[in-house]
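Observations on chain architecture
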Amino acid sequence: MKVTDYIQKADKTLFSFELLPPLKGEHFEHIEEKINRLLEFNPSYINVTYHQQEIEYENLKNGLLRKRTVRKRPGTVGISAAIQYKTDIDVVPHLICGGFSKEDTENALIDLHFLGIDNLLLLRGDPPATQKFFKAEPEGNNYAIDLVKQVTNMNKGIYLDEKLANSHPSNFCIGVAGYPEKHAEAPNQNSDLKYLKEKVDAGADYIVTQMFFDNKKYFRFVEDCRDLGIDVPIIPGLKPITTKNQLLTLPQTFHIDLPDELVGEIVKCKNNEQAYDLGIKWAIAQSKELIDFGVPALHFYTMGKSDNIYNIARAVF
Ligand code: FAD
């Protein structure tokens, strides 16, 4: 079933979470344990992230460097199908522009469609750590909107090969990302919102937000989107703090602000265990306020951990 159908039929806020595919060499059981713990709270759907290739440099004995391209977390399509068929819960695999030509994307979409997967979260992807700016593949999609257009076309039976006639249409429900505190590269919030509106006009059915720690940012974002005529569901994305160091790394990596009160509380933590507990407490308070506001679903970024999400879900759902 589609994410938007779940939202439409629900009489309360839905629970969903996002998983990372296991590292190369790890078994499905590694991820299964995490899922099984969270099944108690009846997730409506489970997202599975996509990880593009990374570039590594190996020091050779002769003093030269060898460049290697590695994909550390492959298997998004396979893991998504395994989860959907083992748990009978719908999955939302992420697809990104980075590392894909349009042809690669079309082939991945065909696989997903044959596997009975109806939901996608479509993203541009970040540049690899060794690159400053995002660069699309030759013949690839430049922005998430291009990916949205490709999937919308396929939903109408329009494939890349214009010679194909009477092609079978896919039926994907499309989610895209939105940024309550603006995407890092956007010159300002208005510009970012304008492009978000374009993604929705091109066929996105709903939006999932970047993490935020101050609900006021989300409320404002929803207001701004509605003022612009963006009328699709806007699902808040939440990530609990897990370590003291995230005081520095989260703003740097995700270009978000932490509210004064949270900063003060993290500074007071004596160790990571205290920061972990604080993260759970803060996310529970955020979740309760968002549910009272009437959000369609709560989307939790697990970042490979499930104990904290379990504790939050137990307190909230
Ligand atoms: P876009 O919507 O393409 O926007 C990128 C930037 O370009 C923005 O600044 C926007 O304002 C601007 N822009 C958009 N369209 C245009 C245009 N036509 N002309 C000029 N400028 C434009 N990354 C992964 O690699 N794998 C994942 O699984 C993953 N999952 C994510 C899940 C969520 C919920 C979120 C919020 C992010 C996720 N990301 C993931 C990170 C995401 O790929 C990055 O934030 C990326 O930098 C932007 O992706 P986007 O889809 O928002 O890009």
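Above this text you will find the structure in question.
Cut-offs and rules
- Residues numbered from 1 in each chain as written.
- Predicted model: local features only at pLDDT ≥ 70, side-chain atom pairs only at ≥ 80, totals over all residues.
- Heavy atoms only, no water.
- Helix = DSSP H or I, 4+ residues; strand = E, 2+ residues; numbered from the N terminus.
- Buried < 20%, exposed > 50% of the residue type's maximum accessible area, 1.4 Å probe, protein only.
- Near = heavy atom within 4 Å.
- Polar contact = N/O pair within 3.5 Å; in protein donor to acceptor, adjacent residues only side chain to side chain.
- Areas by Shrake-Rupley, 256 points an atom, 1.4 Å probe, with all protein chains shown as cover.
- Contact = heavy atoms within 4.5 Å.
- Salt bridge = Lys/Arg side-chain N within 4 Å of Asp/Glu carboxyl O.
- Expected span 1.5 Å × (residues − 1).

Quick notes on unusual backbone geometry
Positive phi outside glycine occurs at Asn-42, with the angle close to 50°. With a phi angle near 65°, Glu-139 is a residue other than glycine that sits in the positive phi range. Residue placement: Glu-139 occurs in the loop between strand 6 (119–123) and helix 5 (144–155). For Glu-139, a relative accessible area of 69% puts it in the exposed group.

Here we look at the site of the ligand
Near the ligand, the surroundings consist of 22 residues, among which Tyr-50, Asp-126, Tyr-179, Asp-192 and Lys-199 are the closest. The contact in question runs from an oxygen atom of the ligand to an N or O atom on the side chain of Tyr-179, over 2.7 Å. Between the ligand and the protein, one listed contact pairs an oxygen atom with a side-chain N or O atom of His-183 at 2.8 Å. Against a free-state accessible area of 980 Å², the protein chains account for coverage of 87% of the ligand. Elements with a contribution of two residues or more to the shell around the ligand: strand 5 (90–96), strand 6, helix 6 (189–201) and strand 8 (206–211).

Some remarks on the environment of Lys-305
Looking at where Lys-305 falls in the secondary structure, it is placed in the loop between strand 10 (297–301) and helix 11 (307–316). According to the relative accessible area criterion, Lys-305 is partly exposed, its value standing at 39%. In sequence terms Lys-305 and Glu-58 are 247 residues apart; their C-alpha atoms lie 30 Å from each other. Leaving out residues up to four positions away in the same chain, Lys-305 has contacts with Lys-34, Thr-242 and Tyr-276.

Quick look at the pattern of salt bridges
Scanning the model with the defined rule gives 13 salt bridges in all. Between Glu-185 and Arg-124 there is a salt bridge, with the nearest N and O atoms lying 2.8 Å from each other. Of the two residues, Glu-185 sits in the loop between strand 7 (173–178) and helix 6 while Arg-124 sits in the loop between strand 6 and helix 5, which places them 61 residues apart along the sequence. Among the residues examined, Glu-185 registers a relative accessible area of 43% and is labelled partly exposed. With a closest N to O distance of 3.6 Å, Asp-224 and Arg-220 form a salt bridge. Taken together, the residues Asp-224 and Arg-220, both in helix 7 (residues 215–227) and four residues apart, mark about one turn of the helix. Given the relative accessible area of 19%, Asp-224 is considered buried. Residue Arg-220 is classed as exposed on the basis of its relative accessible area, which comes to 53%. The network of salt bridges with shared partners includes Glu-56, Arg-68 and Lys-72.

Quick look at helix 7
Here helix 7 contains 13 residues, and its C-alpha end-to-end distance of 19 Å stays within 8% of the 18 Å for a straight helix at 1.5 Å per residue. Of all the positions in helix 7, only Asn-215, Tyr-218, Phe-219, Phe-221, Val-222, Asp-224 and Cys-225 are classed as buried. If you check the start of helix 7, you find a side-chain oxygen 3.0 Å away from the backbone N of Lys-216, and it comes from Asp-214. Backbone geometry just after helix 7 places Gly-229 at a positive phi near 90°.

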